[in-house]
Amino acid sequence: VQLQASGGGLVQAGGSLRLSCEASGRTFSSYAMGWFRQAPGKEREFVAAISWSGGSTYYADSVKGRFTISRDNAKNTVYLQMNSLKPEDTAVYYCAAGNRWPFRSINAYDYWGQGTLVTVSS
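A short tour of the structure in this document, coming up. (Residues numbered from 1 in each chain as written. Predicted model: local features only at pLDDT ≥ 70, side-chain atom pairs only at ≥ 80, totals over all residues. Heavy atoms only, no water.)

1. Thoughts on the overall build of the protein
Looking only at helices and strands, the protein has zero helices and 11 strands in total. A compact globule built from 122 residues would reach a C-alpha radius of gyration of about 14 Å, and the protein, at 13 Å, matches this within 12%. Overall, the protein is about 40 × 25 × 25 Å in size when its C-alpha atoms are taken along their principal axes. Buried residues in the protein amount to 43% of all 122 residues. Once local pairs closer than 6 in sequence are excluded, the contacts in the protein between residues at least 24 apart make up 56%. Total accessible area on the protein stands at roughly 6,200 Å², and carbon and sulfur atoms take up 47% of it. (Helix = DSSP H or I, 4+ residues; strand = E, 2+ residues; numbered from the N terminus. Rg over C-alpha atoms; globule rule 2.2 N^0.38 Å. Buried < 20%, exposed > 50% of the residue type's maximum accessible area, 1.4 Å probe, protein only. Contact = heavy atoms within 4.5 Å. Areas by Shrake-Rupley, 256 points an atom, 1.4 Å probe, with all protein chains shown as cover.)

2. Describing the packing of aromatic side chains
Evaluated as defined, the whole model comprises eight aromatic pairs. Ring centres 5.3 Å apart and planes at 80 degrees place the aromatic pair Phe36 and Tyr109 in the edge-to-face group. Note that Phe36 is positioned in strand 4 (residues 32–38) and Tyr109 in strand 10 (residues 109–112), a separation of 73 residues in sequence. By relative accessible area, Phe36 is classed as buried at 0%. Exposure remark for Tyr109: the relative accessible area of 5% places this residue in the buried category. Plain terms: the ring middles of Tyr109 and Trp112 are 6.1 Å apart, the flat faces sit at 65 degrees to each other, and that makes the pair edge-to-face. Through a chain of ring-to-ring contacts, the aromatic side chains of Phe36, Phe46, Tyr109 and Trp112 assemble into a single cluster. Sitting above the plane of the Tyr94 ring, Arg44 keeps its charged end 3.7 Å from the centroid. (Phe/Tyr/Trp six-rings, centres within 6.5 Å; stacked < 30°, edge-to-face > 60°. Lys NZ or Arg CZ within 6 Å of the ring centre and 35° of its normal.)

Here it is in structure tokens:
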């Protein structure tokens, strides 16, 4: 599975962005998908995850109520809608595919996209 993330950019605090991650291959619908982020000088951290069917979603406490993860298996794409953005959301965002538990763990994922930069100005 190859993953291509897009949609990052510069936005003011309080604004919104939608990230997309398109997967190649026919097995997309068999993978759980996750979004992680890494700010400068910090470790990569969990943001959100969605089960293979889309029936279950998981969020980091820091983004709960502001971010929404969704997927369209017909388009091999997972999305991250980010609202009410804060300067502390500034990071490179990575999408990942995998099927090990727990989905909040980096170790649950086998495939990673290249990352897309989100910058939130105050």
